[in-house]
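# A look at the structure
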Amino acid sequence: MNSHPSRRICVNEERSPRRRNTGCQATAVNRSTVPISLDAIVSGLTGLGLRAGHHVLVHSSLSALGRVAGGAQTVVDALLQVVGPSGTVLVPTLTGTEADGEGVALDFDLAQTPCWTGAVAEAARRRPEAIRSAHPTHSVAAIGAAAARLTSDHEQCITPCGTGSPYAKLAADPDGVVLLLGCDHESNTTLHHVEELAGVSYHLHPEPVPGVVRFFDRTETRDYWVHSWGTPRRFSAIEPLLDQRGLQTRRAVGAADARLMSAGLLVTLALDVLRADPRFFIAEQARMSGANRTGVGD
């Protein structure tokens, strides 16, 4: 077990354990007391545009879906049923926290370190067929046809979401898509990939930190640049640009608002935006106060 499990656990995607109010939230769809079935979730996902052969990175909020019969495992089953044997379901199994940075060594156990990215992500991670990438802060777990390819060599990446990461590989795949299931773009880790591609100044600590990665049969130590926390984001600012260009579909799945988009087209658009305005994703109050110039981010 990782030596710091207590500081690794949270419930929502890409937010500090201290910041529980995130983009993962229920929609205005009326909640029913009748449990939501696997078939209902499959129908909703299919209607959204998810299909067989997709490799889908899923950011999710189980509570936003409503009362799901069978809980998180039912959601994973539904996703796998829709993408079929030729597709892949990926979930972010993040473990990085605000404590990471200069003077703090990372310690990550591939099999044992839990994620803080929600019940669906943790349920997928714990499945025996899941393959987890070996990055000490921004790992991804995957099940399906492309799981090994998309998760391999993440431990070699010097930054969490950059070149060679699962986020980059998914964006380069014509069948790669991002699903926000009960979450909005504030939970969209692929936008951190875009920040790394654009080289924004606020996103990473300036110096690397040592990281221990414990595999099943060995332990390796490498230096990693990690996310710097502090600069508030407004990732949802990308949404009208996606909608204007017809680059995302949106509908209810259960009681949740869901969004589906091509990972590659999302990255292309967001990278163009950051090249035009490197501070586009910084929240307005931080832009006005100049907090983005402090060198802290995420």
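Keep in mind that what you see is a predicted model, and the values were worked out from it rather than measured.

### A closer look at the packing of aromatic side chains
- Applying the stated rule across the entire model yields two aromatic pairs.
- With 5.1 Å between their ring centres and 90° between their planes, Phe235 and Phe281 make a pair best called edge-to-face. With Phe235 in the loop between strand 8 (219-224) and helix 8 (239-244) and Phe281 in the loop between helix 9 (263-276) and helix 10 (284-289), this pair connects stretches of sequence that are 46 residues apart. Of the two residues, Phe235 and Phe281, both sit in the buried class.
- For the pair Phe280 and Phe281, a centre-to-centre distance of 5.3 Å together with 70° between the ring planes defines the contact as edge-to-face.

### What about the pattern of salt bridges?
- All chains considered together, the criterion is met by 15 salt bridges.
- One salt bridge connects Asp175 with Arg51, and the closest N-O pair in it is separated by 3.1 Å. You can see Asp175 sitting in the loop between helix 6 (166-172) and strand 6 (176-181) and its partner Arg51 sitting in the loop between helix 1 (38-48) and strand 1 (55-60), a full 124 residues away along the chain.
- Look at Asp175 and you get partly exposed, because its relative accessible area is 25%.
- Among the ionic pairs, Glu220 bridges to Arg218, the shortest N-O distance being 2.6 Å.

### Looking at the pairing of strand 5 (residues 140-144)
- Within strand 5, four of the five residues are buried, which leaves the element mostly enclosed by the surrounding structure.
- Inspection of the sheet shows strand 2 (residues 88-92) paired to strand 5 by five bridges, in the antiparallel sense. Within the sheet, the bridge partner assigned to Leu90 lies in strand 5 and is Ala142.
- Where strand 4 (residues 131-132) lies against strand 5, two bridges are found, and the strand directions are antiparallel. Bridge assignment links Ile131 to a residue of strand 5, and that residue is Ala142.

### Considerations on the sheet that holds strand 8
- Reading across from one edge, 3-7-8 is the order of the three strands in this open sheet, with mixed pairing throughout. Two strands in the sheet have a free side with no partner beyond their single neighbour: strand 3 (106-109) and strand 8. Neighbour-to-neighbour, the strand axes of this sheet turn through a mean angle of 20°, independent of strand direction.
- Both strand 7 (residues 209-214) and strand 8 contribute to a ladder of six bridges, which runs antiparallel. Across the sheet, the residue bridging to Val213 is Glu220, located in strand 8.

### Topic: the nonpolar core
- Ranked by size, the top nonpolar core spans 39 residues in total, and within it Leu90, Leu191, Val194, Ile238, Phe280 and Phe281 carry the most contacts.
- Those elements that place two or more of their residues in this core are strand 5, helix 5 (147-151), helix 6, strand 6, helix 7 (190-198), helix 8 and helix 9.
- Of the residues forming this core, the biggest block, eight residues, is contributed by helix 9.
- Among residues more than four places away in sequence, those in contact with Phe280 are Arg234, Ala237, Ile238, Leu241, Val273, Leu274 and Arg287.

Rules behind the numbers
Residues numbered from 1 in each chain as written. Predicted model: local features only at pLDDT ≥ 70, side-chain atom pairs only at ≥ 80, totals over all residues. Heavy atoms only, no water. Phe/Tyr/Trp six-rings, centres within 6.5 Å; stacked < 30°, edge-to-face > 60°. Helix = DSSP H or I, 4+ residues; strand = E, 2+ residues; numbered from the N terminus. Buried < 20%, exposed > 50% of the residue type's maximum accessible area, 1.4 Å probe, protein only. Salt bridge = Lys/Arg side-chain N within 4 Å of Asp/Glu carboxyl O. Pairing = 2+ DSSP bridges. Axes fitted to C-alpha atoms, helices over the stretch in contact; angles between N-to-C directions. Core = buried A, V, L, I, M, F, W, Y, C linked by side-chain atoms within 4.5 Å. Contact = heavy atoms within 4.5 Å.

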